[in-house]
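The lines below spell out each chain.
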Amino acid sequence: MLLQIPELLNAEELAWARVLLRDAPWADGRGSAGTQAVRVKNNQQLPHDCEAAQRVRTLVLAGLDANSTFFSAALPKRVFTPRVNRYAGASNFYGNHIDNAIRALPNGNKVRTDLSCTDYDGGELTVTDTYGEKTVKLAAGDAVLYPGTSLHQVKPVTRGQRLACFLWIESMVRSDEQRRLLFELDMNLLGLRQQHGETDETTALTG
Ligand code: NI
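Cut-off values and rules
- Residues numbered from 1 in each chain as written.
- Predicted model: local features only at pLDDT ≥ 70, side-chain atom pairs only at ≥ 80, totals over all residues.
- Heavy atoms only, no water.
- Pairing = 2+ DSSP bridges.
- Helix = DSSP H or I, 4+ residues; strand = E, 2+ residues; numbered from the N terminus.
- Patch = residues over 30% accessible without salt bridge, like charges linked within 9 Å, V, L, I, M, F, W, Y side chains within 5 Å.
- Areas by Shrake-Rupley, 256 points an atom, 1.4 Å probe, with all protein chains shown as cover.
- Salt bridge = Lys/Arg side-chain N within 4 Å of Asp/Glu carboxyl O.
- Buried < 20%, exposed > 50% of the residue type's maximum accessible area, 1.4 Å probe, protein only.

1. Topic: the pairing of strand β7 (residues 93-97)
- Of the strand pairs in this sheet, strand β3 (residues 41-42) and β7 are connected by two bridges, and their pairing is antiparallel. Directly across from Lys 41, in β7, lies its bridge partner Tyr 94.

Below you can see the structure in the form of C-alpha cells.
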C-alpha cells in the first residue's frame, strides 16, 4: 500500500524547518548507503547529531504522533531515527534501490524496516510495486508511506531543491496485505460512523 498523508507539518512548522535547514552542515549522502544503493545515490544528508537534524526530527516525530491516519496505516511498533536529506545542484538524484531490510539503532537494537516514510518538499519519488510504477509529488509538509520492500527512486531535481525527512517503521503487523485490510476496515468504520452515527453494528466492528 502506498499512502499519502497530507499536512503532516503545518505552514508554521514548514517555515521553521526551512530556516533550520538553510545553513545546516550538509554532507555527502553516500555514507549511509548499502553496497547496491551507493552506486546510484547522489544526494546530501545531515549528520545524525547536528542541531538542525535533531530539531527537524522532533517536528516530524511530533507530526507523526499526532496523525491518526499514519497510526492506522502503519501500526508502528518501532520507528527508526528520522534522517534529513537534500537533492539540489550537482547532488540531485537517488536511482532505483530498495532500503536495507534491517537497521541498527544506536543502542544496538535492530529495527525491521517494514515501511518507509518520506516527508518532503519538491522532487518526484517513484515507487514500483505489483501494480506498476507510481510517481508521487507532494506538497511541502505532506508525507508518503510505502512498503520497505519496494523498489523506489528519486528522479533528478533540475530546479530548486528537494528537502526530505525520511524514516523507517517496524510495524506491529508484518504483512503489507494484513496492514492494508486493517487500514481499510478502520477507514470504512470511520465512514460508517460519519454517515449513521454510532450504532450497535459500528460498535461491534471496532472489535
Ligand atoms: Ni530509499
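2. Side note on a nonpolar patch on the surface
- Taken together, the side chains of Leu 182, Leu 185, Leu 192 and Leu 205 present a nonpolar region at the surface, about 310 Å² in accessible area.
- The leading source of residues in the nonpolar patch is helix α4 (residues 176-196), at three residues.
- Tracing the backbone through its elements, the reader meets Leu 205 in helix α5 (residues 200-205).
- Looking at Leu 205, the relative accessible area reads 39%, which means it is partly exposed.

3. Quick look at the pairing of strand β11 (residues 125-129)
- Relative to strand β12 (residues 132-136), β11 runs antiparallel, the two being bridged by five bridges. Across the sheet, the residue bridging to Thr 126 is Thr 135, located in β12.
- The loop that links β11 with its antiparallel partner β12 comprises two residues.
- Bridge analysis of β11 against strand β14 (residues 151-154) gives four bridges, and the strand direction is antiparallel. Paired with Thr 128 across the bridge in β14 is Leu 151.

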